[in-house]
Amino acid sequence: MRASTLDRLRLALGLVVLTLSGGCERRSASERSDDTAAAARPSQAAHVAQIADERPRPSTAVATPQSDSAKAASQPPAPIAVDPLAPLELQQRATLLAGPVDAPLPVDIHYVQSNETRHDLFFPFIDGVGGAFVGVGSDQSFTMAAVARAQLMVLMDIDQRVVDLHRIYAVLIPRSDSPSALVDAFSKEQRDSTLAHLETAFADQPHRVRERLLREYRASRTTVHRHLGRVLGRTVDGVSASWLSDRSQFEHIQRLYQSDRVRVMTGDLTGEASVQSAAAAVRGLGLTVRVLYMSNAEEYFTYTPQFRANVQALPTDDRSVVLRTIYAKTWPHADLWSYQVQPLADFEARVSAQRGRSRNGMLRHATRDAAVDREPGPRGLTTVAMAAP
């Protein structure tokens, strides 16, 4: 009997993981695959994203006959095609999904909506840079990835609820024929029809996973609907400033999903697994991380040896940047936040040299080096070791 597409993908994914780990890594029961699997492509124009099975991967390989597609997937993946948004081939998709992830962490507040509103301050520094986008948080990542014209998106968060919301987006974004249609999918009027569609999309998932995803839609629906409505109307000086207020940005995110170029995972920037897996995937696909968006996550951790190793693992070039937000009275704010841009190479060098064991320490050293510009304009934007775009 011919294996199903999902079976072939699972076999391919297992082979690539074995190749990367040398077949020797043992994983605990908590290290489960939490990633978005390849989007199914029906004959209709709509594309439904499917979620990879969350069962633990076996710790040892089982010898089975290889199909031609599995053999292809076990070979080094071909570089990303000339078309920056062409659908990934089987072995490329397997490379993107390979590698373990960090377990989710308990949080007091679930940020299924962002209270950052001025990501437009980042636009001049990331406009059209391409490459891979690696970011935390919820839908704000879509705006920055779209402006960057990212060829790949890796979305991670420590909060399982935020990750589950991304899985819901992975189903709803490709099937929405406009930004307003996506907003409406979270409305009270379309609640039942959206739930029915999600039930169908997640039908092949284990019962507990499917129920958790549907529960997340019910729990966050009202908040997300209200939030996305604001994002839909977001402009600055009359110019569209979000992935929903700019139709071309929305369509770019759609194409990333339709081309299987998105990985969603639980992830801790200081963890041992997720960032390392993302770095290996980006490198394996012949790309560089052009945007690393950390929001204000650095407020909650120090620069541990593992975090330093994670930053060093990211493939970068001279166009790669770190984007962060800072909440502190000593920094000029655009809204609640100060928005900061820093070359990834400069950040890596400062982290590697251990010049400061935290974000604040690192920035103090950068200030002493005269590398910080608190008023490059407009208000609320700050830069580190960054020339004007």
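Residues numbered from 1 in each chain as written. Predicted model: local features only at pLDDT ≥ 70, side-chain atom pairs only at ≥ 80, totals over all residues. Heavy atoms only, no water.

Colleague: Please set out the pairing of strand S10 (residues 381-384) residue by residue, giving values where relevant.
Modeller: Of the two faces of S10, both are covered, the one formed by Leu-381 and Thr-383 as well as the one formed by Thr-382 and Val-384. Two elements, strand S8 (residues 338-343) and S10, share three bridges in a ladder whose sense is parallel. Counted as the bridge partner of Val-341 is Thr-383 from S10. Across two bridges, the pairing between strand S9 (residues 372-373) and S10 is antiparallel. Note that in S10 the partner of Val-372 across the bridge is Val-384. (Buried < 20%, exposed > 50% of the residue type's maximum accessible area, 1.4 Å probe, protein only. Helix = DSSP H or I, 4+ residues; strand = E, 2+ residues; numbered from the N terminus. Pairing = 2+ DSSP bridges.)

Colleague: Pulling in residues and values, what's your account of helix H3 (residues 90-97)?
Modeller: Across the eight residues that make up H3, a large majority, seven, are buried. Regarding H3, the residues found buried are Gln-91, Gln-92, Arg-93, Ala-94, Thr-95, Leu-96 and Leu-97. Immediately beyond the C-terminal end of H3, within one or two residues, lies Gly-99, with a positive phi of roughly 100 degrees.

Colleague: Describe the side chain of Arg-308, with residues and values.
Modeller: Within the fold, Arg-308 resides in helix H12 (residues 305-313). Buried charge without a partner: Arg-308 forms no salt bridge, and the closest opposite charge is Glu-348, 11 Å away. (Lys, Arg positive; Asp, Glu negative; His and termini not counted. Salt bridge = Lys/Arg side-chain N within 4 Å of Asp/Glu carboxyl O.)

Colleague: Tell me about the nonpolar core, and name the residues and values.
Modeller: Counting 96 residues, the largest nonpolar core has Ile-126, Met-153, Phe-186, Ile-253, Tyr-257 and Phe-347 as its most contacted members. Here the element with the most residues in this core is helix H6 (residues 160-175); it accounts for eight residues. Those residues in contact with Ile-126, other than ones at most four positions away along the chain, are Met-144, Val-147, Ala-148, Val-291, Val-321 and Leu-323. (Core = buried A, V, L, I, M, F, W, Y, C linked by side-chain atoms within 4.5 Å. Contact = heavy atoms within 4.5 Å.)

Colleague: Lay out unusual backbone geometry in plain terms, naming residues and giving numbers.
Modeller: Cis geometry is found at the peptide bond from Gly-377 to Pro-378, where omega equals -5 degrees. Its location among the elements puts Pro-378 in the loop between S9 and S10. Located in the positive-phi region is Asp-260, a residue other than glycine, with phi close to 60 degrees. Examined against the element boundaries, Asp-260 turns out to sit in the loop between helix H10 (247-258) and strand S5 (262-266). The backbone of Ala-370 sits at a positive phi, close to 60 degrees, despite the residue not being glycine. With respect to the helices and strands, the residue Ala-370 is situated in the loop between helix H14 (359-368) and S9.

Colleague: Report on empty space enclosed by the protein, specifying residues and quantitative values.
Modeller: Taken as a whole and assessed by the stated rule, the structure comprises three cavities of 30 Å³ or more. The space that makes up the largest cavity amounts to roughly 60 Å³. Together, 13 residues line the largest cavity, and Glu-116, His-119, Gln-140, Thr-143 and Arg-234 are the ones closest to its centre. Elements with a contribution of two residues or more to the lining of the largest cavity: helix H5 (140-148) and helix H9 (207-232). Along the lines of polarity and charge, the residues of the lining of the largest cavity split into two nonpolar, seven polar and four charged. Its boundaries defined by the atoms lining it, the second largest cavity holds a volume of some 50 Å³. Forming the boundary of the second largest cavity are Leu-269, Val-275, Leu-292, Met-294, Phe-307, Asn-310, Val-311 and Leu-314. Going through the elements one at a time, strand S6 (289-295) and H12 are the ones with two or more residues in the lining of the second largest cavity. Here the lining of the second largest cavity gets three residues from one element, more than from any other, and that element is H12. Taken together, the residues that form the lining of the second largest cavity break down as seven nonpolar, one polar and no charged. (1 Å grid on protein atoms, 1.4 Å probe; cavity = no way out; pocket = protein on both sides within 12 Å on 5 of 7 lines; lining within 4 Å. Points joined across faces, edges and corners; volume = space filled by probe spheres on them. Nonpolar A, V, L, I, M, F, W, Y, C, P; charged D, E, K, R; others polar.)

Colleague: So what's going on with H14? Residues and values would help.
Modeller: Of the positions making up H14, those classed as buried are Arg-359, Gly-361, Met-362, Leu-363 and Ala-366. On its buried face, H14 is in contact with strand S7 (321-326), S8, helix H13 (344-352), S9 and S10. Downstream of H14 by one or two residues, Ala-370 has phi in the positive range, about 60 degrees.

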